[in-house]
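Examination of the molecular architecture
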Amino acid sequence: MIAFLTKRIGIGLLTLLAASMVVFGVLEILPGDPAQLMLGMNATPEALAAMREQMGLNAPLLARYAGWIGGLLAGDFGRSFTYSSPVIDLILERAVVSLPLALIALALSTAIAIPVGIFSAARRGRAGDTVSMGIAQLGVAVPNFWFALLLVYVFAVWLRLLPSGGFPGWSAGLWPGLTALLLPAVALALPQAAILARVTRSAMLEVLGEDYIRTARAKGMPRRYVLWRHALRNAMIPVLTIMGLQFSFLLAGTIIIENVFYLPGLGRLVFQAITQRDLIVVEGVVILLVASVVVVNLIVDILYAVVDPRLRIRA
Amino acid sequence: MSEASAPYEAPPPQSLARLAFANRSFLTGFVITALIAAMALLSFLWTPYDITHLIVADRMKPMSWQHPLGTDHFGRDILSMIMIGARNSIAVAVVAVGIGMGLGVPLGCWAAARGGWVDEALMRFNDVVFAFPALLSAVMITAIFGPGAVNAIIAIGIFNVPVFARVARAGALSLWPREYVLAARAAGKGQVLITVEHILPNIASMLLVQGTIQFALGILAEAGLSYLGLGAQPPMPSWGRMLFDAQTRMMVAPWQAIFPGLAIVVTVLGLNLLGDGLRDVLDPRLRRER
Amino acid sequence: MSLLEIEKLGLAIGGMKILKDVDLAIEEGEVLGLIGESGSGKSMTALTVMRLLPHAMQATGRVTFDGIDILSAPESAMNRLRGDDIGMVFQEPMTALNPVKTIGEQVAEGIRWHTGASRADAEAEARKILDRVGLPAAKFPLSRFPHELSGGQRQRVVIAIACALKPKLLIADEPTTALDVVLQAQILDLLRDLVDERKMGLLLISHDLAVVADMADRITVMRHGEVMESGVAATILTEQAHPYTRQLAHASTHVPDRRPPAAGSAAPLLEVASVTKDYPGRRASLFRKPEPFRAVDDVSFSLHEGQSVALVGRSGCGKSTLARMILALDRPTGGAIRLDGAETSAMDEAALKASRRKMQVVFQDPYGSFDPRHKVERLVAEPLHLMEKQPSAAERRDMVAAALHEVGLAPRDMEKYPHEFSGGQRQRISIARAIITRPKLVVADEPVSALDVSIRAQILDLFADLNGRLGVAYLFITHDLTVARAITDQVMVMHDGRIVERGDTGAVLDDPQSEAAQALVAAAPDLSRALARRLSGRG
């Protein structure tokens, strides 16, 4: 178990290191001079040179990379020139929107998908299965931002039940905050739920065909008991894998969904920073998102070992 | 999304076509996909209206006999725009899948044949690519190198590479210990020859199924990028861009948002049905269960 | 009234009939052997009694167990019967246990369900039955997971589950087919003891006459879904009144006529010198180097032209690893392998070509041996890749036709795909592929163990014939001593990576010297010995 964990953590750290080089490298080769962007087209050469010096752009590549990583580790993500404030503050300010959004969406998608998947597998071929898998097939095909537009049309424009966008801030109270996140979360969650329900169903069906299911039935255990006590746990491995991947999808999905709903979250922050060439913000947010994906993958790996004893000994 | 790691043991391809068209999923998917493709091809020759002509008088007309799907805020016919937009969606997705297969499959086969450090390196490379949320990186790439269809293709294609590499590797790995591969080795055949003669033909069907899945995901990703303004640039119509334009006019002209969205849904649905049907037909393990 | 009575049982899926008018009865405490080759419907009969058939299957007729009409009983009544009054043991122990639950949970679960016992009581019961099946608490605590046990141990757990509540009837469907002979003997002993001790009825399903001859009071022989013959075991097997029974009995003791080729040159064809193979072991801790696992340990032997030698041993003894090294599919960690004087273990792939021409291989699995997407012509011609001068298309077809003719197939078979052939025919194709380059040595890894007995006899005849006519030398890898006896001049016994005994086949099998060889010989099922034992037992 320890060996397994050490190896997974090692791989996670290596991945993070490589990813940081990629992020730094890609932004480094970008056309356009950050100092120029900051000062505008009319800046004098002297002012530009001074700015370059101040921004540390004249240091060698490796030194700048080391400085950037050192800063990240110390919690210093640099300073945004468009917002003229520390990047870390921007991130924290936006994370309180994006993180709850992603978590609500994940919870929603899991809470819908897994019971539906199990239900379908248990009634395979019957009406309930056909209908729910038909809906899932459709759900997989729906782009989340279009679904979001439809939700806005129905619930905000037509029924006037929920706000069509914007975020009042948590200071306005828990309830207004949650209602502002509800439609975006549903829009993010449903297409993912459709995928997860399909995966759950096929994983369950695969497991239900295994020899040990027959052994359990030969023991006299009723079908329902076998489904919950024998099949479900074995089917969790592929389901966990997909859930891990979905977290990454949800994070990326926030970029689009936050744009649809005008939510001041990380996705919108990074999107605007990219269009404004505010590189330091882009670097900070991207590396943070990558780190959270790595952490989630690590959690998934640990859950594998919890579910499947065979993985506990293999390093 | 989930791919079985063992290749399907399909019988040789004599009766496959007959089997395939007897499969409801495959047939439906095939018909839908063929219709969409036909629509895209037709748009080269004919569309109901010329969309380069902006007719202000016809702005935001609802559905009618003249404009079955209504018109947009410039007075362009939405049906015509959807037809031309299909070209863009299909082209981006096809090339992106091509990039993914062209680079990913050789990589995966190589890693499986060589094993050792090559394999380990590929796996770690995959870890790194998968650590970047795909859409985020696509947004970065298109934003950095400039928006446009070509950069969208590259951005989506790059993320297909590790997907195909992983599928090919998993399939090839499970074939290498097979007795027929051992027999080929005993017949003095090298890794390249065995990969070409035995491995590739036997993983082709899994790759095909994965290809339809990635095709569908590519259509969705392209729509997302153009919605953000990072895909094909106006005046070239694209489904995602049409949705973006429609967003602010949702209250007055909902048809402007509904039909391009439906076009995406139908296309992706068709491809997914096609993929499901193919898997049913090619993987006898599933066929037996039915 | 009998404990289990099956009358006119029919079974169909779609329009296809799988069972036709099957009649069968088991008395309390009686052992019934159900014999048949693959496709005879014997497993389906057992699953019908358990009512665990795939959904689409339609059963007709009557099945009565202990006064209960099984075919019309409600599911809840079946749940009460299964695991309590009827237990079942399956063929494949490696997949029969849930990998994420401990063996204790899996045994105790049924006890709790049927008796309503508390967890502690059920676990105490589970402990007792695991002790009884030979898994003592010290080495096998309840907290063990299936993957921590070997195949034989897992089969004991499955038997413990089936017997935990002292069922009146135990159904064992090929319970030892996936195990090697020594384990087979142990499991059969255990089953016999449990049946005696608890007065259970036993329905023992097997394809192996010798196994059933030793165990059964009565025998039912099935073929193509129909009962051929039923009766007292000893009578059926000694009188062999029914032609099919006679055919089965002959096939399972069949020894091909062999005319060994004239001795070749004095120099050995194959020479294995102090060959060792290590595999990296499992890492116990991050900071300790893993101990390598030695699969083959200092093995030396030689084999002469035209000679037929068996390499026998239990599963996991290293015989297949050795075979792979001889075939140059794997490199030894130490030592040297020479074929016709050339050191194959030190050559690269290009240099190996000439040596590869002289040795070919036949594998066990007639289904996995061929690329399903190639036609027979291409499959059989594959080793021609090794020829110095590549034959033209016409020459190639001629050579393939000749090879197919050698193994008793028609030239037109080269146009077909492998799935169009039966298991036995595929094994012929496999042999055709092996002899097309006229090799001097054929390594055959369990070439007949996946085949039904009657087919097995034909393939053994083919091997014997080719040995006599073409002078091919054989290295037969097998765990089945009847195969070794039928077809080889010499036997080498392998145990834990070493060759512990070598000698003339008859001498080794009749008078084994080493402990490993004695265990193998004692455990091997033998029809004539079993019958002799039974007849003398009965007086």
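Residues numbered from 1 in each chain as written. Chains lettered and ligands numbered in written order. Predicted model: local features only at pLDDT ≥ 70, side-chain atom pairs only at ≥ 80, totals over all residues.

Turning our attention to the overall build of chain A. Assigned secondary structure in chain A consists of 13 helices and two strands. Its C-alpha atoms give chain A principal-axis dimensions of roughly 85 × 55 × 35 Å. In chain A, which comprises 315 residues, the share counted as buried stands at 41%. (Helix = DSSP H or I, 4+ residues; strand = E, 2+ residues; numbered from the N terminus. Buried ≥ 20, exposed ≤ 12 C-beta atoms within 10 Å, placed from the backbone.)

A word on the overall build of chain C. Broken down by element type, chain C carries 19 helices and 20 strands. Against the 2.2 N^0.38 benchmark of 24 Å for 539 residues, chain C shows a C-alpha radius of gyration of 25 Å, consistent with a compact globule. Taken along the three principal axes of its C-alpha coordinates, chain C extends 75 × 60 × 50 Å. The burial tally for chain C puts 47% of its 539 residues in the buried class. Long-range pairs, those at least 24 residues apart, make up 69% of the contacts in chain C between residues at least 6 apart in sequence. (Rg over C-alpha atoms; globule rule 2.2 N^0.38 Å. Contact = placed C-beta atoms within 7 Å.)

Turning to the sheet that holds strand E18 (residues 473-478) of chain C, a few remarks are in order. Residue and element names in this part refer to chain C. With mixed pairing, the six strands of this open sheet are ordered in space as E16-E17-E18-E13-E19-E20. Only two strands of the sheet have a single partner each, and these edge strands are strand E16 (359-362) and strand E20 (498-504). Each neighbouring strand pair of the sheet contributes to a mean axis angle of 20 degrees, computed without reference to strand direction. In the sheet, strand E17 (residues 441-445) pairs with E18 via five bridges, with the strands oriented parallel. Bridged to Leu441 within E18 is Ala473. (Pairing = 2+ DSSP bridges. Axes fitted to C-alpha atoms, helices over the stretch in contact; angles between N-to-C directions.)

All names here are of chain B. Two elements in contact, helix H5 (residues 134-145) and helix H8 (residues 191-227), have axes whose closest approach is 11 Å; the angle formed by their N-to-C orientations is 50 degrees. Considering the angle they form, H5 stands oblique to H8. In the crossing of H5 with H8, the sense of the turn from one axis to the other is right-handed. Between H5 and H8, the contacting residues are Leu135, Ala138 and Thr142 on the first element and Ala221, Gly224 and Leu225 on the second. Looking at the contact of H5 with H8 residue by residue, the class counts come to four nonpolar, two polar and no charged. (Parallel < 35°, antiparallel > 145°, perpendicular 65-115°, else oblique. Left-handed = near helix turned anticlockwise from the far one by under 90°. Nonpolar A, V, L, I, M, F, W, Y, C, P; charged D, E, K, R; others polar.)

Right, let's talk about the interface of chain A and chain B for a bit. Facing 41 residues of chain A, the contacting portion of chain B comprises 33 residues. Elements with a contribution of two residues or more to the side of chain A that touches chain B: helix H1 (2-28), helix H6 (127-141), helix H7 (144-158), helix H8 (174-208), helix H10 (223-261), helix H11 (266-275) and helix H12 (279-307) of chain A. The element that contributes the greatest number of residues to the side of chain A that touches chain B is H10(A), accounting for ten residues. Taken together, the residues of the side of chain A that touches chain B sort by class into 34 nonpolar, seven polar and no charged.

Residue and element names in this part refer to chain C. On average, residues of chain C score 90 in pLDDT, and 97% of them are at 70 or above. When pLDDT is averaged over each element of chain C, strand E7 (residues 169-173) comes out on top at 96 and helix H19 (residues 527-538) at the bottom at 76. Overall fold confidence for the complex sits at a pTM of 0.87, while the interface term, ipTM, reaches 0.86. (pLDDT = per-residue confidence, 0-100.)

This part takes up the interface of chain A and chain C. Across the boundary between the two partners, chain A contributes 22 residues, which contact 27 residues of chain C. When contributions to the side of chain A that touches chain C are tallied by element, the ones reaching two or more residues are H1, helix H9 (211-218) and H10 of chain A. When residues of the side of chain A that touches chain C are assigned to their parent elements, the largest contribution, seven residues, is made by H9(A). Of the residues in the side of chain A that touches chain C, the class split is nine nonpolar, five polar and eight charged.

It is generally the case that most residues other than glycine have a negative phi and that most peptide bonds are trans. A cis amide bond, omega 10 degrees, links B:Pro234 with the succeeding residue B:Pro235. Among the secondary structure elements, B:Pro235 is positioned in the loop between H8 and helix H9 (239-247). Although it is not a glycine, A:Tyr262 adopts a positive phi angle of roughly 50 degrees. With respect to the helices and strands, A:Tyr262 occurs in the loop between H10 and H11.

In this section: the confidence of the model for chain A. Residues at a pLDDT of 70 or more form 96% of chain A, whose mean pLDDT is 87. The least confident element of chain A is helix H2 (residues 34-39) of chain A, whose mean pLDDT is 68; the most confident is H9(A), at 94.

All right, on to the pairing of strand E19 (residues 490-495) of chain C then. Residues and elements named next belong to chain C. Counting buried positions along E19 yields six of six residues, so the element is predominantly enclosed. The side-chain alternation of E19 yields two buried faces, one formed by Gln490, Met492 and Met494 and the other by Val491, Val493 and His495. Alignment of strand E13 (residues 308-312) against E19, held across four bridges, turns out to be parallel. When the bridges of E19 are listed, Leu311 appears paired with Met492. The hairpin formed by E19 and E20 contains two residues between the paired strands, and Asp496 there has a positive phi angle of roughly 50 degrees.

The next subject is the nonpolar core. Counting 342 residues, the largest nonpolar core has B:Val139, C:Leu204 and C:Val380 as the members making the most contacts within it. Among all residues touching C:Leu204, those that are not within four sequence positions of it are C:Val31, C:Leu32, C:Gly33, C:Leu34, C:Ala172, C:Val212, C:Met215 and C:Ala216. (Core = buried A, V, L, I, M, F, W, Y, C linked by C-beta atoms within 7 Å.)

Once that is clear, we can look at H9(A). Every buried residue of H9(A) is listed here: A:Tyr212, A:Thr215, A:Ala216, A:Arg217 and A:Ala218. Each element contacted by the buried residues of H9(A) is listed here: H10 of chain A together with helix H1 (42-50), strand E6 (86-89) and helix H5 (151-163) of chain C. With its phi angle positive at about 95 degrees, A:Gly220 sits one or two positions after the end of H9(A).

Take the pairing of E18(C) next. Residues and elements named next belong to chain C. The buried fraction of E18 is high, at six of six residues. Here E18 shows a buried face lined by Ala473, Leu475 and Ile477 and a second buried face lined by Tyr474, Phe476 and Thr478. Bridge count for E13 against E18 is five bridges, and the pairing is parallel. Bridge assignment links Val312 to a residue of E18, and that residue is Thr478. In this view, the connection linking E17 to its parallel neighbour E18 by way of helix H15 (residues 453-470) has right-handed handedness. (Right-handed = clockwise from strand over helix to strand, strands pointing away.)

The next subject is the packing of H1(A) against helix H4 (residues 116-131) of chain B. Taken N-terminus to C-terminus, the directions of H1(A) and H4(B) make an angle of 65 degrees; their axes are 9 Å apart at the nearest point. Judged by the sense of rotation from one axis to the other, the crossing of H1(A) with H4(B) is right-handed. Residues A:Ile11, A:Leu14, A:Thr15, A:Ala18, A:Ala19 and A:Val22 of H1(A) touch H4(B), and the partners they reach there are B:Arg124, B:Asp127, B:Val128 and B:Ala131. Classifying every residue of the contact of H1(A) with H4(B) by side-chain character gives seven nonpolar, one polar and two charged.

All names here are of chain C. One open sheet accounts for four strands, arranged E12-E11-E14-E15; its pairing is antiparallel. Looking at which strands have only one partner, the edges of the open sheet turn out to be strand E12 (293-303) and strand E15 (342-343). When strand E11 (residues 270-279) meets E12, the two strands line up antiparallel, connected through seven bridges. Residue pairing across strands places Glu271 opposite Ser302, the latter belonging to E12. Contacts from helix H10 (residues 319-326) reach E11, E12 and strand E14 (334-339), with the element oriented near 120 degrees to E11.

Right, let's get into the environment of C:Leu130. All names here are of chain C. Structurally, Leu130 is set in helix H4 (residues 119-132). When the C-alpha atoms of Leu130 and Pro167 are compared, they prove to be 16 Å apart, with 37 residues separating the residues in sequence. Setting aside anything within four residues of it in sequence, one finds Leu130 in contact with Val107, Leu135, Phe140 and Ala160.

So, on to the environment of B:Leu225. Residues and elements named next belong to chain B. Take Leu225: it is sitting in helix H8. By C-beta crowding, Leu225 is classed as buried, having 29 other C-beta atoms within 10 Å. Leu225 sits 167 residues away from Asp58 along the chain, and the two C-alpha atoms are 29 Å apart. Contacts of Leu225, omitting those with residues within four sequence positions, involve Ala138, Thr142, Ala152, Leu230, Gly231 and Gly240.

To continue, consider helix H14 (residues 423-435) of chain C. Between its terminal C-alpha atoms H14(C) stretches 19 Å, which fits the 18 Å expected from 13 residues at 1.5 Å a residue. Here H14(C) lies mainly inside the structure; eleven of its 13 residues are buried. Turning to H14(C), its buried residues are C:Gln425, C:Arg426, C:Gln427, C:Arg428, C:Ile429, C:Ser430, C:Ile431, C:Ala432, C:Arg433, C:Ala434 and C:Ile435. Those residues of H14(C) hidden inside the fold are in contact with helix H7 (179-186) of chain B together with E16, helix H12 (376-381), helix H13 (393-406), E17 and H15 of chain C. (Expected span 1.5 Å × (residues − 1).)

Before going further, it helps to examine the environment of B:Ile32. Residue and element names in this part refer to chain B. Following the sequence through the fold, Ile32 ends up in helix H2 (residues 24-45). Taking the number of C-beta atoms within 10 Å as the measure of exposure, Ile32 has 19 and is therefore partly exposed. Along the primary structure Ile32 and Leu273 are separated by 241 residues, whereas in three dimensions their C-alpha atoms are 9.1 Å apart. In this structure Ile32 touches Val266, Leu269, Gly270 and Leu273, once residues within four positions along its chain are discounted.

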